[in-house]
Amino acid sequence: MHSLLLSVCAGILIFVPGVFFAKQIASFLGANEIYLEMAAEYIYIWAAFALFQSISLTLQEFFRIDDSQMFVMILNGIGTAVNIVLDMVFIFKFHKGVFGAALASGISQLTMFTVGVVYFFIKKGRFRIQRFTVSKTMVTEILLKGIPTAISQFGTMVLVAAMNVVLLKYVGPVGVDSFAIISYVASFGVSCFIGTTMGVEPLLGKSYGEKNADKIKWYFKAGIIFNIICGAAMFLLFVILRKQVCLLFGASGEILKYASDNMWKICLGIPFDGITCMVSVYLYATEKTKEAIGFNVLKNLVISYPFITFLPALFGPEIIMFSFAIYQAVMVFIGIVICKKHQYS
């Protein structure tokens, strides 16, 4: 019940600023007069559905714990299908542009929420909604466990904001439009790593509870190896098919050339990101919460922004697209040092 309560609070915290300060948020993320209205419109619509998304994500965790992993996969498949279909309807048939894309995403989240709630009450699982007394201790524990992941998600916003500001300064709108395509491609890799970490985390936690050092090491190494292989495979795939991928997003002219020429530079950082994701999940699954928070703060807030903004000033605009891989490689080194120091035995 505490997690549901916190999910509602999180949804409201996103809803209020997103709906009432959409333009300010878009401006903070680097949108100039060319993109401000479109970005603000998307943020406004997305935030309006944030509460449903927040509760849906929490319910999915309940379903996983309750041995309903297959339903979670089906639920996400339903949401993705609804999003794709409504994107085609709103954008191509009714020509609603950014508003249509945002509305499609929002409705897909509402659909997942509705299906999830219905399943929750129909299925005879272990979880029930009931009266409870708020426990400060439990709220604190949940927040501490969730902070590393929250920082990681917030770090994506910092990364996008920094890249947009730098690209507008050194390259112009072509760079921003190209980065939008490249970031979507890179997010595919990040999604794979999220899946890996979500699968490894409970195994690490269980092994830690059993005080089984061998299992902890095995799952940790297996997760890292898997992420490196996936990251390297995606890097090669996007290098070989970079032009075709850009065409899928409707790129043409200068944007097609800039995006296809620079995609591999961003994707070079995907394998490193896979390693740092696994370091983070290892730390908080083995109750190294302070270290996990510190590592994620370094990775997503302290190191990323300076690297992205200062490296082009020192070495020129050619290094902009390499900055993601460079700071991820630095974080891999820091992660190795931290894991060596706090190795469970």
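Note that this is a predicted model, so its numbers are computed, not measured.

## Details of the environment of H95
Considering the arrangement of structural elements, one finds H95 in the loop between α5 (69–93) and α6 (97–122). Distance in space between the C-alpha atoms of H95 and I334 is 48 Å, their sequence separation being 239 residues.

## Re a nonpolar patch on the surface
Together, V8, I12, F15, V16, F20 and F21 make up a nonpolar patch on the protein surface, roughly 520 Å² of accessible area in all. Within the secondary structure, I12 sits in helix α1 (residues 2–20). Overall, I12 belongs to the partly exposed group, its relative accessible area being 43%.

## Details of the environment of Q24
When you line up the elements, Q24 lands in helix α2 (residues 22–28). Residue class for Q24 comes out partly exposed when judged on its relative accessible area of 47%. In this structure the C-alpha to C-alpha distance between Q24 and A40, which are 16 residues apart in sequence, comes to 8.1 Å.

## A look at helix α9 (residues 213–240)
Helix length check: α9 (28 residues) gives 41 Å between terminal C-alpha atoms against 40 Å at 1.5 Å per residue, within 8%. Those residues of α9 that are buried are in contact with α8 (173–209), α10 (242–248), α11 (253–267), α12 (270–285) and α15 (323–341). Sitting at the head of α9, N212 places a side-chain oxygen 3.3 Å from the backbone nitrogen of D214.

## Let's talk about the nonpolar core
Residues M163, L167, L204, F220, M263, I266 and M321 are the most contacted members of the largest nonpolar core, which totals 59 residues. Here this core gets ten residues from one element, more than from any other, and that element is α12. Residues contacting I266, with those up to four places away along its chain left out, are M163, F179, I182, A186, M321 and F324. Counting residues in hydrophobic clusters, the runner-up holds eleven residues, among them F63, F71, L75 and F113.

## Points about the side chain of S178
Relative to the elements of secondary structure, S178 occurs in helix α8. Of the polar contacts made by the side chain of S178, one reaches the backbone oxygen of V174; its length is 2.7 Å. Contact partners of S178, with chain neighbours within four places excluded, come to I255, Y258 and A259.

## Points about the packing of aromatic side chains
What the rule picks out here adds up to eleven aromatic pairs. Ring centres of F62 and F120 lie 6.5 Å apart, and the angle between their planes is 40°; on these two criteria the pair is classed as tilted. Here F62 is found in helix α4 (residues 50–65), whereas its partner F120 is found in helix α6, with 58 residues between them in sequence. Residue F62 shares its accessibility class with F120, and that shared class is buried. Among the aromatic residues, those joined into a cluster by ring pairs are F49, F52 and F113. We note K93 situated over the ring of F94; from NZ or CZ to the ring centre the distance is 5.9 Å.

What counts, and where the lines are drawn
- Residues numbered from 1 in each chain as written.
- Predicted model: local features only at pLDDT ≥ 70, side-chain atom pairs only at ≥ 80, totals over all residues.
- Heavy atoms only, no water.
- Helix = DSSP H or I, 4+ residues; strand = E, 2+ residues; numbered from the N terminus.
- Patch = residues over 30% accessible without salt bridge, like charges linked within 9 Å, V, L, I, M, F, W, Y side chains within 5 Å.
- Areas by Shrake-Rupley, 256 points an atom, 1.4 Å probe, with all protein chains shown as cover.
- Salt bridge = Lys/Arg side-chain N within 4 Å of Asp/Glu carboxyl O.
- Buried < 20%, exposed > 50% of the residue type's maximum accessible area, 1.4 Å probe, protein only.
- Expected span 1.5 Å × (residues − 1).
- Contact = heavy atoms within 4.5 Å.
- Polar contact = N/O pair within 3.5 Å; in protein donor to acceptor, adjacent residues only side chain to side chain.
- Core = buried A, V, L, I, M, F, W, Y, C linked by side-chain atoms within 4.5 Å.
- Phe/Tyr/Trp six-rings, centres within 6.5 Å; stacked < 30°, edge-to-face > 60°.
- Lys NZ or Arg CZ within 6 Å of the ring centre and 35° of its normal.

Any functional reading would require information that these geometric values do not contain.
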